[in-house]
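# Reading the structure
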Amino acid sequence: QVTLAAGAELDARQVNQYTLVLRAACPGEDEVEERLSVRVTPGHVLRCDSPFASAEGDVVRVLADVAPRTPLYAVLPQPLGGRKVSVGQGFPSPSFLQFWLRNHDTPLKLTRRGLVLAPDNGFDPCKDIQTFRLEIEVTDRHGHNCSGAVKVEVLPSCHPRITFPEPHQAVTVTEGIGPWEVVTQVRARGDNVRYTILAPVAPELFTIDEVTGEIRSTRRLEVTRAHLLIRAYNALHPEDHATTTVNITVQETDHWAPRCVPAIFVSQVPETVSPGSTLVRLRCTDSTSTDRCLHYALEGPPSSLSHFCMEGPQLKVNTTLDYDSEAMSALGFQFTATIVVTVEGKPRQSTRVPVLVTVTPVNEFRPACPNSATFTVPETAAFGSIVGRVAGTDRDYPLNSLEYSLEGGSGSAQPFSIDRRTGEILVVGSLDSQQQNYRLVVRLTDTHNDLDPRKRQSRLCDVSVRLQAVPDPRPVCIPDVQELRITAGSPGSRQPVTRLACRSGPDSAALTYTIVGGNEDGRFRLEGNTLVYLPNDRASPRPFVLVVEVWGGSAARRLSSMVAVVVHVTPRSTPVPPSTTTQHTTLQREPLVVMQTEAVWHPPAWFVAVLTVSGALLVATLGCLARNLLCR
């Protein structure tokens, strides 16, 4: 009994007949051999194989520049199996199969023969990757069916055109270049670029690298001229190409160093010169009167190499030249370097061009006012007293180089002056104690910050000076107790008795005298600091004990002292002979020591000299003016 092996699968389209060799033997007899032919005939089962029948479906990738209605995929199911055929294999579909497209949300087309075609208008070649999914069902004439899916990925085919940045190139080299040395290199823009020499068709002296575009010599070069026509093309799209011409001149070896103009470069540049600016362009030539084979390099200290660079024969500023820095000051505001000009050849010849660049200042910044400009001064400050210092700042080098001046000058309304160099505010007038605050406007003007001394910048700053109240000293009278004897004069007369000697400091004239006791009948009065007796006809001998208050300052800060005056009045009718002499009796008291400090201003010698010269100039000016008026 012959049976089918487990797991075997018959496919009549693959193998339709098997030949089996059977051997049989009985005990004691010879072995018998026979052949059995098994024929496999097609059945009526329709199946779709993977990956077409898988859940993900089959995947086809095509470029977006395919022609419209180009076959992209072919489905070829068969009874007892299935096949899928991609573009170009050309397997037709049997006429008894029908193909149905389940989804219609795709621009792709499905023909009756199971071919998937590109859209009628083709794909957009510049779009990103586009993906289309087709779900296809296949049915035969007996009603058997199977289904699968195809995912078509359309890859963008936009690529830049092949171009040469320079359609013509000229290269000069010296003789003696050996075989396979790089002479020059051509570069084209585009994708998948390849290079080839079109002319001469069989070049003898040069060859080109297909990928890099390097042109190399094939043998040792002698003095000659060569003209090459180079083509660059896209390896995937050879129809996209471009050409350039390269003229190669092989010249004799130069045995002389190049000559440059200028031979020495010395220059001054402002600190505001912008990076990328050209300071000098060297004009260098070799013995062949050309500069095409010259190489320029900059040598010098790291500070010079970081601030300057060479771009061909041009010396350029590389970074900002900041004059207002300690690093620039340490360099003395100068940079030194050397430009080395080398000509190709064997031996290599070079020329050195010394460079000296001096950076000059530019007044870039305005002075800045101090954060706080409020000062306090005692209201009794003497002439020349220092109120405070206005500390202005300026970022230009030299730092904080400023001159100070007061707007409106000095006067009774503004009893202050300012030192032109240091910014110190001084008292130059009497201070009004009734005015508690003075507002000053100080002008800050920078100096020595620019090559042109006329280019100066200034700023106005508000300064407040507050007066600090100082209590007035208590008046001191010497003596503070007096005993006097007088003879009354005629009635209605005015008879001075004594003058009170009191002081309260430097401003003793501002004292006020008042009789506060002992003058009940009004026989005495004060005229300033003079005590006056007013006699009448009813005078009788009697003593008067007067109490005088002496005070100074304002009413709010009143400080006073008391003086006792004992006056013995003798009428004229008494036996005592008349006398006009006033007898002063001073009671013995402890001695009183008065210390008085006077502020004296001693001007410096330069101030006296300036004042003298200014006076002389003023007198001369007035004399010239008077003379001109008289002549007219």
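Residues numbered from 1 in each chain as written. Predicted model: local features only at pLDDT ≥ 70, side-chain atom pairs only at ≥ 80, totals over all residues. Heavy atoms only, no water.

As annotated in an unreviewed UniProt entry, the chain carries the name CDHR4 protein and comes from Sylvia atricapilla. Under Subcellular location (unreviewed entry), UniProt gives the following word-for-word description of the chain: "Membrane". (UniProt positions renumbered as here; feature names shortened; annotations may be inferred.)

The next point concerns the confidence of the model for the chain. The predicted model of the chain averages 83 in pLDDT, with 87% of residues at 70 or higher. Mean pLDDT in the chain bottoms out at strand S6 (residues 81–86), which sits at 35, and peaks at strand S25 (residues 314–317), which reaches 94. This stretch, residues 78–93, has a pLDDT under 50; its non-local contacts, to residues over four places away or in other chains, come to 48 contacts. Counted against residues more than four places away or in other chains, residues 578–588, with its pLDDT under 50, gives 20 contacts. (pLDDT = per-residue confidence, 0-100. Helix = DSSP H or I, 4+ residues; strand = E, 2+ residues; numbered from the N terminus. Contact = heavy atoms within 4.5 Å.)

Next up on the list: the state of the cysteines. Under the criterion given, the structure shown has three disulfides. Two residues, Cys 260 and Cys 284, share a disulfide whose sulfurs are 2.1 Å apart. Between Cys 260 and Cys 284, the S-S dihedral sits near 115 degrees, and the bridge is therefore right-handed. Residue Cys 260 is found in strand S19 (residues 259–261), and its partner Cys 284 is found in strand S22 (residues 283–285); the two are separated by 24 residues along the sequence. (Disulfide = S-S within 2.5 Å.)

Let's shift gears to the sheet that holds strand S24 (residues 308–311). Strand order in this open sheet of three strands is S21-S25-S24, and the pairing throughout is antiparallel. Each of the sheet's edge strands pairs with one partner strand only, and the pair in question is strand S21 (278–281) and S24. When the angles between neighbouring strand axes are averaged without regard to direction, this sheet yields 25 degrees. Two elements, S24 and S25, share four bridges in a ladder whose sense is antiparallel. Bridged to Cys 309 within S25 is Lys 316. (Pairing = 2+ DSSP bridges. Axes fitted to C-alpha atoms, helices over the stretch in contact; angles between N-to-C directions.)

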